[in-house]
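In case you want the letters, here they are:
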Number of protein chains: 2
Amino acid sequence: MRTLILTIILMASTTIHSQNNDSISKLIIGMENSALERWNNGDPSGYLEIYAKDIVYFDPMMEHRLDGLDKLTELYEGFRGKIHITKCDMINPKVQAVDNMAVLTFNLILNIGDTVEKWNTTEVYRLENDNKWKIIQAHWSLTKPDIK
Amino acid sequence: MRTLILTIILMASTTIHSQNNDSISKLIIGMENSALERWNNGDPSGYLEIYAKDIVYFDPMMEHRLDGLDKLTELYEGFRGKIHITKCDMINPKVQAVDNMAVLTFNLILNIGDTVEKWNTTEVYRLENDNKWKIIQAHWSLTKPDIK
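Throughout what follows, the structure given in this document is the object of discussion. (Residues numbered from 1 in each chain as written. Chains lettered and ligands numbered in written order. Predicted model: local features only at pLDDT ≥ 70, side-chain atom pairs only at ≥ 80, totals over all residues. Heavy atoms only, no water.)

1. A few points about the interface of chain B and chain A
Part 1 of the reasoning: Tallying the contact residues gives 41 residues for chain B and 41 residues for chain A.
Part 2 of the reasoning: Here chain B and chain A share an interface that buries about 3,500 Å² over both sides, 56% of which is from carbon and sulfur atoms.
Part 3 of the reasoning: The tally of links between chain B and chain A comes to 4 salt bridges.
Part 4 of the reasoning: Here chain B is connected to chain A by 22 residue pairs in polar contact (both at pLDDT 80 or more). (Contact = heavy atoms within 4.5 Å. Buried area = accessible area lost by both parts, 1.4 Å probe. Salt bridge = Lys/Arg side-chain N within 4 Å of Asp/Glu carboxyl O. Polar contact = N/O pair within 3.5 Å; in protein donor to acceptor, adjacent residues only side chain to side chain.)

In structure tokens form, the structure reads like this:
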């Protein structure tokens, strides 16, 4: 009987954990898609609104990691109105989460007219004190860059 | 009096949180340096021993994100005994942590004989049920790759 009760508790706990993880995954992927859609139409505010103040950021154009929302805002404002993505496919998004932090990873294929860009992406989200998820780390890199 | 007590509790809680964060940072950076040192001398086991089973992985040579320790072990075993880094500088490592997950980011400058490689790195660590930290996400990319 004791084993049965323990098994039931374990199953219930696993189910709750799995449900939590599923709902966090759905929420995080939804947030990313919304921000990405706005970015793809020239509006960086979708991301800027969900970046935490202490965000750290890598992209292939930067000489070093960029630290903090102020610097990232300055960078992103330079792109406002200049990005026009024809087609965007988020490939195989995956979320690994604990209660208050979650890692989203995916590959991305972008069409910009006739040009195709392939990206590797890692976004780390943290649940803030106001119960909202914000991105604290963004790492964008080119998939198999064709190096000189 | 009530305000004073609340203030003291808040200060104590902030101090404890800050101490926790400092000790997590120190631990995580130490783990990464140990694994890196072994990698730089041809031994991938330093990393393989601290990768979680559900690790996800990006590097600039992969067409897609690689999922799971089995696949990463296969990849890394191919490098065993073949890596010899002359000099390795971890630049500005930063850890952003909650109790059971932590994001480590840094730039890395490697000297391999006369060749210099510059990397952007994000490692996400998770505190496992056995109270050991393991890496669940690794993203390695080239800093400002010289693209054709």
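Text resumes after the structure shown.
2. Some remarks on the relation of the copies chain B and chain A
Part 1 of the reasoning: Taken as rigid bodies, chain B and chain A are interconverted by a rotation of 180 degrees and an axial shift of 0.0 Å, the fit giving an RMSD of 0.0 Å. Here the copies are linked by what is in effect a two-fold axis. Within chain B, the C-alpha atom positioned nearest to the axis of rotation is that of B:Ile147, 2.2 Å from it.
Part 2 of the reasoning: Interface overlap between copies is the fraction of interface residues in one copy that are interface residues in the other; for chain B against chain A it reaches 100%, indicating a shared surface. (Least-squares fit on C-alpha atoms with pLDDT ≥ 70 in both.)

3. Some remarks on the sheet that holds strand β6 (residues 133-142) of chain B
Residues and elements named next belong to chain B.
Part 1 of the reasoning: The sheet built from 6 strands is open, its strands ordered β2-β1-β6-β5-β4-β3 with mixed pairing. The open sheet terminates on both sides in strands that have one partner only, identified here as β2 (66-67) and β3 (87-98).
Part 2 of the reasoning: With 2 bridges joining them, strand β1 (residues 51-58) and β2 adopt antiparallel strand pairing. Within the sheet, the bridge partner assigned to Tyr-57 lies in β2 and is Leu-66.
Part 3 of the reasoning: Helix-sheet contacts for helix α3 (residues 69-77) involve β1 and β2, and the interaxial angle to β1 is about 65 degrees. (Pairing = 2+ DSSP bridges. Helix = DSSP H or I, 4+ residues; strand = E, 2+ residues; numbered from the N terminus. Axes fitted to C-alpha atoms, helices over the stretch in contact; angles between N-to-C directions.)

4. Overview of the environment of B:Thr121
Residues and elements named next belong to chain B.
Part 1 of the reasoning: Of note, Thr-121 is situated in strand β5 (residues 115-127).
Part 2 of the reasoning: A residue is classified by how much of its surface remains accessible, and Thr-121, at 0% relative accessible area, is buried.
Part 3 of the reasoning: A sequence separation of 10 residues divides Thr-121 from Asn-131, and the C-alpha atoms of the two residues are 24 Å apart. (Buried < 20%, exposed > 50% of the residue type's maximum accessible area, 1.4 Å probe, protein only.)

5. Quick look at the pairing of strand β4 (residues 101-112) of chain B
Residues and elements named next belong to chain B.
Part 1 of the reasoning: In terms of residue burial, β4 counts as a mostly covered element, since 9 of its 12 residues are buried.
Part 2 of the reasoning: In this structure, the hairpin formed by β3 and β4 is closed by a connection of 2 residues.
Part 3 of the reasoning: Bridge analysis of β4 against β5 gives 12 bridges, and the strand direction is antiparallel. Residue pairing for β5: Leu-108 is matched across the bridge by Trp-119.

6. Notes on the sheet that holds strand β5 (residues 115-127) of chain A
Sheets are built from strands that pair by backbone hydrogen bonding, the pairs being arranged parallel or antiparallel.
Residues and elements named next belong to chain A.
Part 1 of the reasoning: The 6 strands lie next to each other as β2-β1-β6-β5-β4-β3, forming an open sheet whose pairing is mixed. If you trace the sheet from one side to the other, it starts and ends with β2 (66-67) and β3 (87-98), each paired once.
Part 2 of the reasoning: The strands touched by helix α3 (residues 69-77) are β1 (51-58) and β2; relative to β1, the strand with the most contacts, the crossing angle is about 65 degrees.

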